[in-house]
Amino acid sequence: MVVAIDGPAGAGKSSVARAVAAALGFTYLDSGAMYRCVGLAAFERGAEPAEVAGEVRIELGERILLDGRDVTDAIRTPEASEAASRAAADPVVRRALVTQQQRIVADGDWVAEGRDIGTVVAPDAAVKVFLTASPEERARRRAVQIGADVATVLAEQTIRDERDTTREHDPLAAADDAVALDTTGLSLEDVVARVTALVAEQR
Ligand code: C5P
């Protein structure tokens, strides 16, 4: 079974997806970490993301490994975020990573988070949630997470939102059958309870 959690940066996807996975005993898939690894590898090598996408070995788990190196923190810097966003606009990169993600979720029970899980990676997902929150709230959450200034995060977030929603290939969009959930002002517990209730309805 796949639970797809999509939405823009800072909507709370990671916290919600992790907590839902823990509550249900499902495995968590962070698809954004894969785009971040490709972005980081391209940035470090001064190469095109499409050149490295098929070569790099990405291992997801408690720690994120890129060709065996622990990049858990390195993929979260503003530079890596920007590189990931650019890499994610490349159709060659998307094809490579979507194929890997589909292979990963083919067996077992998953909570997968990203931008295109419900639309592209797992269109048959049993539960699809599209998480949103106001831009200011999202920027505030991300700023706290990474210890940065809210105005800077908001400015960068606006650019990445624009790129995510207007890119030609697999743009960020809610699947027609996704349940939209605005998390502005909701606690993590509230959101997790709503998502696990949706899963319970499907079982
Ligand atoms: O979710 P996260 O912010 O870690 O994602 C990093 C980047 O990867 C985002 O800027 C987004 O453009 C891209 N992404 C994507 N498709 C996914 C997951 C992430 O395009 N399924």
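What counts, and at which threshold
Residues numbered from 1 in each chain as written. Predicted model: local features only at pLDDT ≥ 70, side-chain atom pairs only at ≥ 80, totals over all residues. Heavy atoms only, no water. UniProt positions renumbered as here; feature names shortened; annotations may be inferred. Pairing = 2+ DSSP bridges. Helix = DSSP H or I, 4+ residues; strand = E, 2+ residues; numbered from the N terminus. Contact = heavy atoms within 4.5 Å. Polar contact = N/O pair within 3.5 Å; in protein donor to acceptor, adjacent residues only side chain to side chain.

By the naming in an unreviewed UniProt entry, the chain is Cytidylate kinase, taken from Conexibacter woesei. In its Subcellular location (unreviewed entry) section, the UniProt record describing the chain reads: "Cytoplasm".

Let us look at the sheet that holds strand β5 (residues 69-70). Pairing in this open sheet of 3 strands is antiparallel, and the strands run β3-β4-β5 from one edge to the other. With one partner strand each, in any of the chains shown, β3 (58-59) and β5 form the two edges of the open sheet. Of the pairings in the sheet, the one linking β3 to strand β4 (residues 65-66) comprises 2 bridges and is antiparallel in character. Bridge pairing in β4 places E59 opposite L65.

Bringing the UniProt feature "binding site: ATP" (unreviewed entry) in the chain into the picture now. As recorded in UniProt, the feature "binding site: ATP" (unreviewed entry) lies at G7, P8, A9, G10, A11, G12, K13, S14 and S15. Relative to the helices and strands, G12 is located in the loop between β1 (2-6) and α1 (13-24). If we ignore the near neighbours within four places in the chain, the residues touching G12 are L131 and R141. If we ignore the near neighbours within four places in the chain, the residues touching K13 are I5, D6, G7, P8, E113, G114, R115 and L131. At 3.0 Å, the side chain of K13 and the backbone oxygen of P8 are in polar contact.

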